[in-house]
Amino acid sequence: MERDFDTVIDRRHTNSLKYDFALEFGKSEAVLPMWVADMDFQAPRAVAEKLEAVSRFGIYGYSEGKDDYFYAVYNWYKKRFGWEIKKEWMLKTPGVVFAVAMAVRGLTEEGDGVMIQQPVYYPFGNTIRANGRKLVNSPLVLREGKYEMDLEDFEKKLKTGKVKLFILCSPHNPVGRVWREEELRAVGELCLKYQVPVVSDEIHADFIYEGYQHRIFADLGEDFAANSVICTAPSKTFNLAGLQVSNIFIPDFQLRRRVYREIKKTGYGGLNLMGLTACQAAYEEGEAWLEELKEYLAGNLEYLREFTREKLPGIDLIEPEGTYLAWLDLRKLKLSRQEQETLIAERAGLWLDTGTMFGEEGEGFERINIACPRGTLRQALEQLRAALNTFAPLR
Ligand SMILES: Cc1ncc(COP(=O)(O)O)c(C=O)c1O
């Protein structure tokens, strides 16, 4: 492997949300953070080089992406997913969560239902509630270690006529599912039948483990494209979240206009120059880096899998098919919420995202981010093992 993902880089005192805000989040300063979904790796070299050049130039006026920006994104999706985007479909936003909020505002009215499938990335629910919409949950079902959509429940909820938007997480954070084409078709057909547009958050699409394939929701057919908002970003893929750039594709003119109008209402103008620059550089020159990174992450997953099986009795890994987030099932330990928090934060000294943040279905689970040097992962798991060994007798 050419690139070095093993070196531990000290991220403290860099305004890092992950490393510098433990106290503000009510954690002890000493916790090892494995929560928020960014990586402890430097972005591809080409990104830093392009940013350095822009930085040195010294004039940071209003900026916009030109054709070469569009083609960097176009080529990425065509080459890696076989999906051909059109220029007019694209809206650029400072983040995917921002775009999801704009879609909620633009495509529904106050009081309308917006469906999600919990346990799921918690800003979806927050965004729905904060905008005065009703959260309608069609929970995923865990069967023999694998999460599945409950299509019967999904249709039952659509049938009420109250659901006006569906937010799909594909691949799914936190459970790590990479939805099969049949599954996407099934929910997509139901949404067409009940005329409910689909916001498909595909921010994790570049992290798919061997043996699985990501399908872009809008690429499943023209009717699916015409009924969807596809949210993409280079931020997870290349570790650029602090640069605030995402690319949203809305093939249908009417849907696009409604979302665009909401964006305009906020007063938001154009993307920041560093974000534009980094996004283009990453898509143009970051592919080899990503391939090596994925290999490294697969190694981390293997390490986590073995460690959990052999050294963490009572904890099961829900096998992820994609994403660098892993969903740990602690239910066999039979801990109360408070005991689980004590085990993870106080005894193990870890900062994880606890399962209930993703909905009540997450009770007894923890989400751990494995996009870090193997040594950091080893340390985290050893801390958890030591905590487990001493925790049970103390109960
Ligand atoms: C499913 C999902 N969507 C969106 C985001 C965040 O996107 P952004 O930072 O572009 O708002 C994350 C980050 O963890 C995520 O997991």
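Here goes a summary of the coordinates provided.

What counts and what doesn't
- Residues numbered from 1 in each chain as written.
- Predicted model: local features only at pLDDT ≥ 70, side-chain atom pairs only at ≥ 80, totals over all residues.
- Heavy atoms only, no water.
- Helix = DSSP H or I, 4+ residues; strand = E, 2+ residues; numbered from the N terminus.
- Rg over C-alpha atoms; globule rule 2.2 N^0.38 Å.
- Buried < 20%, exposed > 50% of the residue type's maximum accessible area, 1.4 Å probe, protein only.
- Contact = heavy atoms within 4.5 Å.
- Areas by Shrake-Rupley, 256 points an atom, 1.4 Å probe, with all protein chains shown as cover.
- Lys, Arg positive; Asp, Glu negative; His and termini not counted.
- Charge placed at Lys NZ, Arg CZ, Asp CG, Glu CD.
- Expected span 1.5 Å × (residues − 1).
- Polar contact = N/O pair within 3.5 Å; in protein donor to acceptor, adjacent residues only side chain to side chain.
- Axes fitted to C-alpha atoms, helices over the stretch in contact; angles between N-to-C directions.
- Parallel < 35°, antiparallel > 145°, perpendicular 65-115°, else oblique.
- Left-handed = near helix turned anticlockwise from the far one by under 90°.
- Pairing = 2+ DSSP bridges.
- Phe/Tyr/Trp six-rings, centres within 6.5 Å; stacked < 30°, edge-to-face > 60°.
- Lys NZ or Arg CZ within 6 Å of the ring centre and 35° of its normal.
- Near = heavy atom within 4 Å.
- Nonpolar A, V, L, I, M, F, W, Y, C, P; charged D, E, K, R; others polar.
- Core = buried A, V, L, I, M, F, W, Y, C linked by side-chain atoms within 4.5 Å.

### Points about the overall build of the protein
Each helix and strand counted, the protein has 14 helices and 15 strands in total. For the protein, whose C-alpha radius of gyration is 21 Å, the value lies close to the compact-globule estimate of 21 Å for 395 residues. Summarising its shape, the C-alpha atoms of the protein cover approximately 60 × 55 × 40 Å along the three principal directions. The burial tally for the protein puts 55% of its 395 residues in the buried class. Considering only contacts within the protein whose residues lie at least 6 apart along the sequence, 74% involve residues at least 24 apart. Of the roughly 17,700 Å² that the protein leaves accessible, carbon and sulfur atoms contribute 49%. In the protein, which carries 52 positive and 60 negative side-chain charges, the distance between the mean positions of the two groups comes to 4 Å.

### A few points about helix H11 (residues 273-285)
Under the 1.5 Å per step criterion, the end-to-end length of H11 is 18 Å for 13 residues, consistent within 8% with the ideal 18 Å. Among the residues of H11, Gly275, Leu276, Thr277, Ala278, Cys279, Gln280, Ala281, Ala282 and Tyr283 are the ones counted as buried. Against helix H2 (45-57), helix H3 (67-81), strand E2 (90-93), helix H9 (235-238), strand E10 (246-249) and helix H12 (287-311) lie the buried residues of H11. A distance of 2.9 Å separates the backbone nitrogen of Met274 from a side-chain oxygen at the start of H11, and that oxygen is part of Asn272.

### Digging into the packing of H3 against H12
As a packed pair, H3 and H12 sit with axes 13 Å apart at the nearest point and diverge in direction by 45 degrees. One element, H3, and the other, H12, form an angle in the oblique class. For the crossing formed where H3 meets H12, the hand is right-handed. In this structure, H3 uses Trp76, Lys79 and Arg80 to contact H12, whose residues at the interface are Glu287, Leu290, Glu291 and Lys294.

### Topic: the sheet that holds strand E8 (residues 198-201)
Spatially, seven strands are ordered E2-E10-E9-E8-E7-E3-E4 in an open sheet, and the strand pairing comes out mixed. With partners counted over all chains shown, the strands left at the sheet margins are E2 and strand E4 (134-137), one partner each. Between one strand axis and the next, the sheet turns by 25 degrees as a mean value, whatever way the strands run. The sheet contact formed by strand E3 (residues 113-116) and E4 spans four bridges and is parallel. Directly across from Val114, in E4, lies its bridge partner Leu135.

### Comments concerning the packing of aromatic side chains
Here the structure, examined in full by the defined rule, presents 30 aromatic pairs. For the pair Trp76 and Phe238, a centre-to-centre distance of 5.4 Å together with 65 degrees between the ring planes defines the contact as edge-to-face. Here Phe238 lies in helix H9 and Trp76 lies in helix H3, a separation of 162 residues in the sequence. Judged on exposure class, the residue Trp76 and its partner Phe238 are both buried. Judged by centre distance (6.2 Å) and plane angle (70 degrees), the ring pair of Tyr77 and Tyr283 falls under edge-to-face. Of this pair, Tyr77 sits in helix H3 while Tyr283 sits in helix H11, and the two are 206 residues apart along the sequence. Relative accessible area serves as the criterion here: at 1%, Tyr77 is assigned to the buried category. Look at Tyr283 and you get buried, because its relative accessible area is 5%. Ring pairs connect the aromatic residues Phe5, Phe41, Trp76, Tyr77, Phe81, Trp83, Trp89, Phe238, Phe249, Tyr283, Trp289 and Tyr296, which therefore count as one cluster. Its end group placed over the ring of Phe224, Arg185 keeps NZ or CZ at 6.0 Å from the ring centre. Between Arg374 and the ring centre of Tyr296, over which it is positioned, the NZ or CZ distance is 4.5 Å.

### Topic: the site of the ligand
Close contacts around the ligand come from Ala37, Gly95, Val96, Val97, Tyr121, Cys169, Asn173, Asp201, Ile203, His204 and Lys236, and that covers them all. The backbone of Val96 places a nitrogen or oxygen atom 2.7 Å from an oxygen atom of the ligand. Val97 places a polar main-chain atom, nitrogen or oxygen, 2.9 Å from an oxygen atom of the ligand. In isolation the ligand exposes 400 Å². Once the protein is present, 88% of that is buried. Tallied by class, residues from the shell around the ligand come to six nonpolar, three polar and two charged.

### Considerations on the nonpolar core
The biggest cluster of nonpolar side chains holds 126 residues, and the ones touching the most others in it are Trp83, Phe166, Ile167, Leu293, Tyr324 and Leu343. Excluding residues that lie within four positions of it along the chain, Phe166 makes contacts with Met115, Gln117, Phe154, Val187, Cys191, Val196, Pro197, Val198 and Val199.

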